[in-house]
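# Examination of the molecular architecture
Spelled out, the chains give:
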Amino acid sequence: ESHEDGAMLSLLAISSLVALALGAEKCCYDPETSGVPREIGCYTDDFPFNSMPLPDCNDKIQVSMRLYTRSNPDVGDVITKTTVPSSYRFGRRVHFVVHGWLGGRNAGYLRKMKDAGLDDDDVNMIVVGWEGGSRQLWYPQSASETRVVGTEIALVAQNLVDWYDADWADFYCAGHSLGSHVCGHFGKRTRGGKLGRISGLDPAGPWFEGKDHPDIGLAPSDAVLVDVAHTNGEPGIILNLGTMKPLGHMDFYPNGGGEQPGCILDPFVKENGEEQLIDLMPACSHMRVLDLYIESMQGKFTNCKYLAFSKCTDPYNIPASCTTYSEARGAMGFFANTFQEHGIFYLETNRRDPYCIV
């Protein structure tokens, strides 16, 4: 080996160490009408994202948003960072709903959430799809894409604030699984105000647990109110898909927050003296939160708002660490904002539809 070769190898080694220390960076751009690309976000794999790959840009993730109102409840109008359809309702709340890993814009639960939101009030419901990122079989890549999806939503919201007199306090984002972290990154990207509310529906645990930095995913600082429902925070036959870690101002743990009744660890229920199969899906508990949330959205009509009478001190020791009160301390789901008390809450549900216990 020559002296020159040795010097070159040493230089390459030093360069690699410097690059490793500095981390990689990816910047995403959108074309402007002038033909000059506009930078919309830069992302690194520095801490706390050092365990994740760099995200893709929107040309691959293909974030799409459809606006539904009471004037167009069935066929959504495309809304983008620069264009707002005529169906947009001025001065009304803007409610984004976001799917998680392997999901898509046409998921049945998003349609139900959209319908329930419009039944409750004359609002702007925006269904967010990001199939180009969520349907990657390599989960860490999908987890990383949440940063870009959140940025895309924030840019749509910013356009409404800047040009349509929308108020940040009227923006609400509800996301399932990885969609919860999408909402978190949406909240981190707002300018000139704080997002009004985020509802995290069993936020994804894998690749987010064990990381205490608020930038990694959903955190209380992402909105004026962050309420979270945990339904699959403990491992069962498969790895837990959610987390027991509190991520909001109000964290609700129905049935303890781990496996849900009627799911794979308790698949049978007696009805009329006979055992009946309820659900053997491995992801049953993780998906159960969607049923609970949709039922809570219908609370104005059903008089069931998932009231929690127990407040707890340790999310990993529920219900043993809980104190039960004669009056409700919180409401899980859609009506969480009707209570002011923050903390950790416990409640029970039925094992089958209707899940809400009146």
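Presented here is an overview of the structure given in this document. Predicted model only: the values in this text are computed from it and were never measured.

Turning our eyes to something else, we now look at the pairing of strand β8 (residues 197–201). Most of β8 is tucked away, with five of its five residues classed as buried. A two-sided burial pattern is seen for β8, the buried positions comprising R197, S199 and L201 on one face and I198 and G200 on the other. Looking at chain direction, strand β7 (residues 171–176) and β8 are connected through five bridges and run parallel. Directly across from G175, in β8, lies its bridge partner G200. Each parallel crossover has a hand, and for β7 linked through helix α6 (residues 178–188) to β8 it is right-handed. When β8 meets strand β9 (residues 225–229), the two strands line up parallel, connected through five bridges. Residue G200 lies in a different strand from β9, and its bridge partner there is V228.

Across the interface, helix α5 (residues 139–163) lies against α6 with an axial gap of 7 Å and an inter-helix angle of 45 degrees. Taken together, the axes of α5 and α6 lie oblique to each other. By crossing handedness, the relation of α5 to α6 is classed as right-handed. Each of Y139, S142, A143, T146, R147, V149, G150, I153, A154 and A157 in α5 lies in contact with α6, whose residues at this interface are L178, H181, V182, H185 and F186. Class assignment for the residues of the contact of α5 with α6 results in nine nonpolar, five polar and one charged.

The next point concerns the packing of aromatic side chains. Applying the stated criterion to the full structure yields 11 aromatic pairs. Here the aromatic rings of F90 and Y164 are separated by 5.8 Å at their centres, their planes lie at 35 degrees, and the arrangement is tilted. Residue F90 is located in the loop between β4 (77–78) and β5 (94–98), and its partner Y164 is located in the loop between α5 and β7; the two are separated by 74 residues in the primary sequence. Given a relative accessible area of 56%, F90 falls into the exposed group. Judged by relative accessible area, which is 24%, Y164 ranks as partly exposed. Arranged with centres 5.4 Å apart and planes meeting at 75 degrees, the rings of F96 and F186 form a pair that is edge-to-face. On the criterion of sequence distance, the pair formed by F96 in strand β5 and F186 in helix α6 is long-range, its members being 90 residues apart. Using a relative accessible area of 0% as the deciding quantity, one classes F96 as buried. Three or more aromatic residues joined by ring pairs form one cluster here, namely F96, W168, F171 and F186. We note K305 situated over the ring of F335; from NZ or CZ to the ring centre the distance is 4.5 Å. Here the basic side chain of R329 rests over the ring of Y325, its NZ or CZ set 4.0 Å away from the ring centre.

What follows deals with α6. Most of α6 is tucked away: 10 of the 11 residues are buried. Considered for burial, the residues of α6 that qualify are L178, G179, S180, H181, V182, C183, G184, H185, F186 and G187. Those residues of α6 hidden inside the fold are in contact with β5, α5, β7 and β8.

So, about the pattern of salt bridges. Under the criterion given, the structure shown has 13 salt bridges. Salt-bridge contacts for D56 lead to K60; the nearest nitrogen and oxygen are separated by 3.8 Å. With a relative accessible area of 12%, D56 lands in the buried category. Taking relative accessible area as the criterion, K60 reaches 45% and is therefore assigned partly exposed. Several salt bridges converge on common partners, so that one network encompasses K26, D56 and K60.

Let us now look at α5. Each turn of an α-helix holds 3.6 residues, which means side chains three or four residues apart point in the same direction. With 25 residues, α5 should cover 36 Å at 1.5 Å per step; its first-to-last C-alpha distance of 37 Å lies within 8% of that length. The element α5 is extensively covered by neighbouring structure, given that 22 of its 25 residues are classed as buried. One or two positions beyond α5, positive phi appears at D165, with a value near 55 degrees.

Reading the values: the criteria
- Residues numbered from 1 in each chain as written.
- Predicted model: local features only at pLDDT ≥ 70, side-chain atom pairs only at ≥ 80, totals over all residues.
- Heavy atoms only, no water.
- Buried < 20%, exposed > 50% of the residue type's maximum accessible area, 1.4 Å probe, protein only.
- Helix = DSSP H or I, 4+ residues; strand = E, 2+ residues; numbered from the N terminus.
- Pairing = 2+ DSSP bridges.
- Right-handed = clockwise from strand over helix to strand, strands pointing away.
- Axes fitted to C-alpha atoms, helices over the stretch in contact; angles between N-to-C directions.
- Parallel < 35°, antiparallel > 145°, perpendicular 65-115°, else oblique.
- Left-handed = near helix turned anticlockwise from the far one by under 90°.
- Contact = heavy atoms within 4.5 Å.
- Nonpolar A, V, L, I, M, F, W, Y, C, P; charged D, E, K, R; others polar.
- Phe/Tyr/Trp six-rings, centres within 6.5 Å; stacked < 30°, edge-to-face > 60°.
- Lys NZ or Arg CZ within 6 Å of the ring centre and 35° of its normal.
- Salt bridge = Lys/Arg side-chain N within 4 Å of Asp/Glu carboxyl O.
- Expected span 1.5 Å × (residues − 1).

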